[in-house]
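Spelled out, the chains give:
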Amino acid sequence: MAGHGARGRSGGRPTLEEVAARAGVGRGTVSRVINGSPRVSDATRAVVEAAVAELGYVPNTAARALAANRTDAIALVVPEPETRFFAEPYFSDMLRGVGAELSDTEMQLLLIFAGSDRERQRLAQYLAAHRVDGVLLVSVHADDPLPDLLSQLEIPAVISGRRSAEETLPSVDSDNYGGGRLAVEHLVARGRRRIVHLAGRLDVFGAQRRVDGYREGLRAAGRPVDDGLIVAGDFTEEGGRRAMTELLARCPDLDAVFAGSDVMAAGARQVLREAGRRTPDDVALVGYDDSAIARHMDPPLTSVRQPIEEMGRAMIDLLLGEIADRRPAVSRELEKRQVVLPTELVARASS
């Protein structure tokens, strides 16, 4: 009976040798059929596949990966403290997109934090041992040594957000420049005159591009650009509070705020309330990310949506292509490996 085929002669799971004996072919022929090699006749393929079905043979993917010099594992590396990872929706949305795209593959996903010097040292040793097939790197700062380390080790890698306009590694980003301009255009259209910007960390290229978009939005509306109305934070709620406090002191007559993240916008709203400023009556407020925080704020927050889950999916697609094609980066067209996804403004009651 077919049900008896689930065990091999030894009483355990069927082996490749037992499939070969049942099909009357060599072990190498069975291996070629299982791995989809074209160097097998249709008749032989049919016999081997029948033997596989009869015995209930399941390929040993770990052994196959070892033979192919692969680990079937990908690392998602976050060069930030764990506290920031769990506090900001950006990271959980990115992880959700990555996980969804990997679900149809045999790849395992490892989440690695590298926010301290000690963690980075340990990560460098781990990567040098080539224990993963590829790396996804998120939240990269301009001076971060990890991307260069990955290049030196020749480990396929994709980063979320370019380090600069001259990025050499494959990357997935959103249109931060366009997003910054959208935010200002929206506030100008609402009749706001004194628009300030709570920027993110300016050693992050995406934050720099949002500032560029903010400036261009003002210029396009015929407004003067005053860099005194830009204060850098660090994408955290506390950073938003500090930047908002500073800007209220500098510009008491401000009537609109564009924050570089929804988390910073939440901090800014708290300071505005403490100062007796109503949103949106006195001060319109726009965030960035369109996270769950934006939807749950009071009033609900207008925000620039970047497609974070889609970015995670695109990173996996790009990385799997890099793993499959291990030629040096210089031999491939870099332009096709720099993905920029569009942003859009989602208007709500805060503006």
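Asker: I would appreciate a short explanation of unusual backbone geometry in the present structure.
Answerer: Backbone phi values are negative for most residues with the exception of glycine, while trans is the configuration of most peptide bonds. Looking along the chain, the bond that leaves threonine 279 and enters proline 280 is cis, with omega of 5°. Along the chain, aspartate 298 connects to proline 299 via a cis peptide bond; the corresponding omega equals -5°. As for its placement among the helices and strands, proline 299 is situated in the loop between α13 (292-296) and β10 (302-305). Non-glycine residue phenylalanine 235 carries a positive phi angle of around 70°.

Asker: Please clarify how the packing of helix α1 (residues 16-23) against helix α2 (residues 27-34) should be interpreted in this entry.
Answerer: Two quantities define a packed helix pair, namely the angle between the helix axes and the distance between the axes. Contact geometry of α1 with α2 gives a least axis separation of 8 Å together with a crossing angle of 105°. Considering their axes alone, α1 and α2 lie roughly perpendicular with respect to each other. Touching Leu16, Glu17, Val19 and Ala20 of α1 are Arg27, Val30, Ser31 and Ile34, all from α2. Across the contact of α1 with α2, the residue classes break down as five nonpolar, one polar and two charged.

Asker: Looking at this model, I keep getting lost on the pairing of strand β3 (residues 134-138). Mind explaining?
Answerer: The two faces of a sheet get side chains in turn, since along a regular strand they alternate between them. Burial analysis of β3 places five of its five residues in the buried class, which makes it a mostly covered element. Side chains of β3 alternate between two faces, with Gly134, Leu136 and Val138 and Val135 and Leu137 buried alike. Bridge count for strand β1 (residues 73-78) against β3 is four bridges, and the pairing is parallel. Along β3, the bridge assignment pairs isoleucine 74 with glycine 134. Where β3 meets strand β4 (residues 157-160), four bridges bridge the pair, whose relative direction is parallel. Paired with leucine 136 across the strands is valine 158, a residue of β4.

Asker: Is there a simple way to think about the confidence of the model for the protein chain in this case?
Answerer: Regions with low pLDDT should not have their predicted coordinates read in detail. Of the residues in the protein chain, 89% have a pLDDT of 70 or more, and the chain-wide mean is 87. Across residues 1-10, where pLDDT falls below 50, the model places 17 contacts with residues more than four positions away in sequence or in other chains.

Asker: Looking at this model, I keep getting lost on the pattern of salt bridges. Mind explaining?
Answerer: Two side chains with opposite charge may pair up if their charged atoms get near one another. Under the definition given, this model contains 29 salt bridges. With a shortest N-O distance of 3.5 Å, aspartate 148 and arginine 163 are connected by a salt bridge. Here arginine 163 lies in the loop between β4 and β5 (171-174) and aspartate 148 lies in helix α8 (residues 146-153), a separation of 15 residues in the sequence. Given the relative accessible area of 15%, arginine 163 is considered buried. Of the charged contacts in the structure, one is a salt bridge between arginine 201 and aspartate 203, with a shortest N-O distance of 2.8 Å. What makes arginine 201 partly exposed here is its relative accessible area of 29%. Put simply, Asp234, Glu237, Glu238, Arg241 and Arg242 are held in one network by salt bridges that share partners.

Asker: I'm lost on helix α14 (residues 308-324) in this one. Help?
Answerer: At 3.6 residues per turn, the α-helix brings residues three or four places apart onto the same side. Here α14 contains 17 residues, and its C-alpha end-to-end distance of 25 Å stays within 8% of the 24 Å for a straight helix at 1.5 Å per residue. Regarding α14, the residues found buried are Ile308, Met311, Gly312, Ala314, Met315, Ile316, Leu318, Leu319, Glu322 and Ile323.

Asker: Help me understand the packing of α1 against helix α3 (residues 42-55), please; the structure alone is not making it clear to me.
Answerer: At a closest axis distance of 9 Å, the pairing of α1 and α3 adopts a crossing angle of 120°. It follows from the interaxial angle that α1 and α3 lie oblique. Considering the relative orientation of α1 and α3, their crossing is right-handed. Here Glu18, Val19, Arg22 and Ala23 of α1 lie close against α3, whose contacting residues are Val47, Val48, Ala51, Val52, Glu54 and Leu55. Along the lines of polarity and charge, the residues of the contact of α1 with α3 split into seven nonpolar, no polar and three charged.

Scoring rules and cut-offs
Residues numbered from 1 in each chain as written. Predicted model: local features only at pLDDT ≥ 70, side-chain atom pairs only at ≥ 80, totals over all residues. Heavy atoms only, no water. Helix = DSSP H or I, 4+ residues; strand = E, 2+ residues; numbered from the N terminus. Axes fitted to C-alpha atoms, helices over the stretch in contact; angles between N-to-C directions. Parallel < 35°, antiparallel > 145°, perpendicular 65-115°, else oblique. Contact = heavy atoms within 4.5 Å. Nonpolar A, V, L, I, M, F, W, Y, C, P; charged D, E, K, R; others polar. Buried < 20%, exposed > 50% of the residue type's maximum accessible area, 1.4 Å probe, protein only. Pairing = 2+ DSSP bridges. pLDDT = per-residue confidence, 0-100. Salt bridge = Lys/Arg side-chain N within 4 Å of Asp/Glu carboxyl O. Expected span 1.5 Å × (residues − 1). Left-handed = near helix turned anticlockwise from the far one by under 90°.

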